[in-house]
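The primary structure of each chain is shown beneath.
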Amino acid sequence: MKYTSNEDKMKVALDEARKALDIDEVPVGAAIFDKDDNLICANHNRRELDQNPMSHAEILVLEEASKILGTWRLEETTIAVTLEPDAMCAGAISLSRVKKLIYGAQNEKAGAAFSLYNIPQDPRLNHFVEIKDNILTHESEAILSSFFDSKR
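Residues numbered from 1 in each chain as written. Predicted model: local features only at pLDDT ≥ 70, side-chain atom pairs only at ≥ 80, totals over all residues. Heavy atoms only, no water.

Per an unreviewed UniProt entry, the protein chain is named tRNA-specific adenosine deaminase, and its organism is Candidatus Actinomarina minuta. Taken from UniProt, the Cofactor (unreviewed entry) comment for the protein chain reads in full: "Zn(2+)". (UniProt positions renumbered as here; feature names shortened; annotations may be inferred.)

Here it is, written out as C-alpha cells:
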C-alpha cells in the first residue's frame, strides 16, 4: 500500500500512538517510509514496557528500518512522528540521514525540530532534514491530552 500524502503517513503514526495509549505509555507513534511511499515499519513509545530510556518511537523505527534495509543510511526515507522529536530523537534522525521528517504536535518542553532547537536543520551539522510540521496536529494533541488528563 502506498502512503502518498503526509496525512496518510501521519495516520500510521497516530495508530501507533493509540497502541501506546492502550498500554499506558506516553502516546507517541512513529512510522518510516521508503522513497516509493511504502511503509517500512512503525512503532510506538515503549520506555515503560522495555524499562529503557531510549525506547522512543523514533529510535525504535530507525533501528528496525536499518535492519530491514541493511544499512544505517536511511537517505531516501520519510519519518512521521506524532510529536516533535526531542534532542535524542532529532539527533538520531539527522545522523541516520533521513530525508524528511513530518510531525504533528509541537513539543514546547523538549522539541528539537523547531520549538527549542532545530537539530535536523542546524547548518553546523553535515546533514539537512526536510521538515513538515503541523500534520494532523489536533489528532496528535488529542491523544496526548487524553493520556496526561488521565494522570492528573
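Section: the packing of helix α1 (residues 6–22) against helix α5 (residues 137–151)
Running from N to C, α1 and α5 point in directions that differ by 5°, and their axes come no closer than 10 Å. As summarised for this structure, α1 and α5 are arranged roughly parallel, according to the angle between their axes. Contacts from Leu14, Ala17, Arg18 and Leu21 in α1 reach Glu139, Ser140, Ile143, Ser146 and Phe147 in α5. (Axes fitted to C-alpha atoms, helices over the stretch in contact; angles between N-to-C directions. Helix = DSSP H or I, 4+ residues; strand = E, 2+ residues; numbered from the N terminus. Parallel < 35°, antiparallel > 145°, perpendicular 65-115°, else oblique. Contact = heavy atoms within 4.5 Å.)

Details of the side chain of Asn6
Inspection of the secondary structure puts Asn6 in helix α1. Its relative accessible area of 16% is what places Asn6 among the buried residues. Ignoring sequence-local partners within four residues, the contact set of Asn6 consists of Lys100, Ile102, Lys132 and Ile135. (Buried < 20%, exposed > 50% of the residue type's maximum accessible area, 1.4 Å probe, protein only.)

So, the sheet that holds strand β4 (residues 100–105)
Strand order in the open sheet made by the 5 strands is β2-β1-β3-β4-β5, with mixed pairing throughout. Each of the sheet's edge strands pairs with one partner strand only, and the pair in question is β2 (39–44) and β5 (130–132). Neighbour to neighbour, the strand axes of the sheet diverge by 15° on average, direction disregarded. Where strand β1 (residues 29–33) lies against strand β3 (residues 78–83), 4 bridges are found, and the strand directions are antiparallel. Bridging from a neighbouring strand, Ala31 pairs with Ala80 of β3. Running at roughly 150° to β2, helix α3 (residues 57–69) makes contact with β1, β2 and β3 of the sheet. (Pairing = 2+ DSSP bridges.)

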